[in-house]
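So you can see what is in the structure, the chains are spelled out below.
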Amino acid sequence: MTQPVVRFAPSPTGKLHVGNVRTALINWLFAKGQGGTFILRIDDTDLERSTAEYEQGIRDDLTWLGLTWDKTFKQSERFHQYDAAADKLRDMGLLYACYETADELDRQRKLQRARGKPPIYNRAALDLTDEDKAKLEAEGRKPHWRFKLSGERIEWVDLVRGEQAIETSSLSDPVLIRADGSYLYTLPSCLDDIEAGITHVVRGEDHVTNSGAQIEIFQALGGAAPAMAHTPLLVGADGSGLSKRLGSLGMGTLREKGVEPLAIVSLLGKLGTSDNVEIRASLDQLAEEFSFDKIGRSPARFDEEELMSLNAALTHEMPFGQAKDRLAALAPEAANETFWTLVRENCQTVEDAAKFVPVAFGEITPLIDDEDKDFIATAAKLLPTGDITADTWGTWTSALKAETGRKGRGLFMPLRKALTGRERGPDVGVMLQLMGRGRAVKRLS
Ligand code: GLU
């Protein structure tokens with residue numbers, strides 16, 4: 001197999017959400033697993049809705065995730081090429097001017113439905129003479145341009161969906177150029193795919209129907225259509241379509257929550273595949289394991305809780321060096337290896353460590369139940385003198401046990417609650433060393 005060239009082609013009219021990140025990721029994993037090329041194409045032909053901020057946001061999010069590109073370009077830089085391609089199609093008689101307004105088309109569809117016919121464009125414009133057109137234009141109408149489909153059956157073997165067939169006679173001739181002269185994404189996309197040497201178009205299955213028309217456009221422009229892979233869409237954990245919440249779940253939100261890029265790509269790279277969903281060591285490992293054959297046909301369920309539990313698994317093992325800067329951002333003292341190694345088991349994200357910062361380095365409100373008041377007073381008296389070391393906790397609790405007869409939970413829980421202000425958390429003996437004698441004495445009294 002020659003090395004694949006793929007593209008991820010977002011429109012900069014919004015932020016990336018988990019659904020389109022998954023498409024980017026699948027493209028990247030496929031390309032990199034085969035030593036291929038990943039191109040980032042910015043589909044900004046809609047000049048009104050596209051913004052530089054969204055474009056930058058897309059680049060930042062992909063970079064944060066590690067999905068770096070080998071090449072990138074913007075469609076807005078290529079209008080000359082699209083104009084030339086449109087001229088070529090006009091010369092071939094495959095791009096024709098239409099003058100119907102949106103209302104007229106709407107009425108036409110209603111009528112067709114009422115007659116039990118499929119609501120596809122009736123091609124009335126093909127019968128217009130030059131005089132008719134001149135008259136319409138004199139009335140102030142501007143043409144929009146449709147691609148003339150062959151009406152034949154288009155077949156391809158989809159890398160995910162297997163054999164596909166689309167009868168183009170069942171489709172409306174697609175509009176390629178709007179009345180205001182702007183391009184819909186279809187023609188630019190096909191031309192770009194040809195000129196960039198795209199070998200595989202990999203995208204969501206919402207584009208399957210478009211593929212029928214696009215394959216004809218590829219052929220008309222003189223290129224063979226690339227191979228195609230249409231992946232099932234992502235749905236919410238409850239199986240309902242990508243919910244509003246999920247659809248708007250941007251990378252910025254996840255990053256602010258402290259979610260690791262590796263947790264996101266480990267989940268999105270395996271969701272809806274026959275492989276287990278587990279944290280993988282790296283994007284490269286995910287790329288090595290990637291195969292279209294592993295992608296199932298049913299929608300992939302995205303569950304934010306699953307993402308958080310993968311993130312927790314990653315956090316529990318995270319080396320100090322990797323967490324250090326983010327700990328320092330919580331509090332300068334928190335950038336402490338003993339502290340991190342102690343608390344990480346109790347954290348879903350690095351930022352979760354914040355709740356233990358006052359326990360180790362600041363002030364807390366001790367929890368002392370009435371029935372434990374005497375016990376805690378005794379504990380304060382028995383706390384070994386001198387610096388608190390690794391042995392202090394053992395010596396201290398043995399002495400307390402001997403003195404009070406308490407053991408197990410009755411012995412340890414009141415100490416934990418008094419010293420840390422919480423019922424659960426990391427090892428109290430190590431925490432005691434971090435907080436030091438001063439804090440311990442104050443909390444016990
Ligand atoms: N800009 C298109 C989209 O975001 C690209 C579709 C494609 O990959 O061909 O839907």
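What you see is a predicted model; the values in this text were computed from it and never measured.

### Digging into the overall build of the protein
- In terms of helices and strands, the protein carries 19 helices and 12 strands.
- For 445 residues, the compact-globule estimate of 2.2 N^0.38 gives 22 Å, and the C-alpha radius of gyration of the protein, at 31 Å, exceeds that figure by more than 25%.
- Projected onto its principal axes, the C-alpha coordinates of the protein cover approximately 105 × 45 × 40 Å.
- Burial analysis of the protein (445 residues in total) assigns 45% to the buried set.
- Here the analysis covers contacts within the protein between residues at least 6 apart in sequence; of these, 74% occur between residues at least 24 apart.
- Here the protein has roughly 21,600 Å² of accessible surface; of this, 48% comes from carbon and sulfur atoms.
- Across the protein, the centroid of the 56 positively charged side chains sits 4 Å from that of the 67 negatively charged ones.

### Things to note about unusual backbone geometry
- One non-glycine residue, Arg 123, adopts positive backbone phi at about 60°.
- Considering the arrangement of structural elements, one finds Arg 123 in the loop between α4 (102–114) and α5 (130–138).

### What about the packing of helix α10 (residues 261–270) against helix α12 (residues 304–316)?
- For the pair α10 and α12, interaxial distance at closest approach is 9 Å and the crossing angle is 130°. Between α10 and α12, the interaxial angle falls into the category oblique. When you trace α10 past α12, the crossing you get is right-handed. When α10 is examined against α12, the residues Leu 262, Ala 263, Ile 264 and Leu 267 are found in contact with a partner set consisting of Glu 306, Leu 307, Leu 310, Asn 311 and Leu 314.

Definitions and cut-offs
Residues numbered from 1 in each chain as written. Predicted model: local features only at pLDDT ≥ 70, side-chain atom pairs only at ≥ 80, totals over all residues. Heavy atoms only, no water. Helix = DSSP H or I, 4+ residues; strand = E, 2+ residues; numbered from the N terminus. Rg over C-alpha atoms; globule rule 2.2 N^0.38 Å. Buried < 20%, exposed > 50% of the residue type's maximum accessible area, 1.4 Å probe, protein only. Contact = heavy atoms within 4.5 Å. Areas by Shrake-Rupley, 256 points an atom, 1.4 Å probe, with all protein chains shown as cover. Lys, Arg positive; Asp, Glu negative; His and termini not counted. Charge placed at Lys NZ, Arg CZ, Asp CG, Glu CD. Axes fitted to C-alpha atoms, helices over the stretch in contact; angles between N-to-C directions. Parallel < 35°, antiparallel > 145°, perpendicular 65-115°, else oblique. Left-handed = near helix turned anticlockwise from the far one by under 90°.

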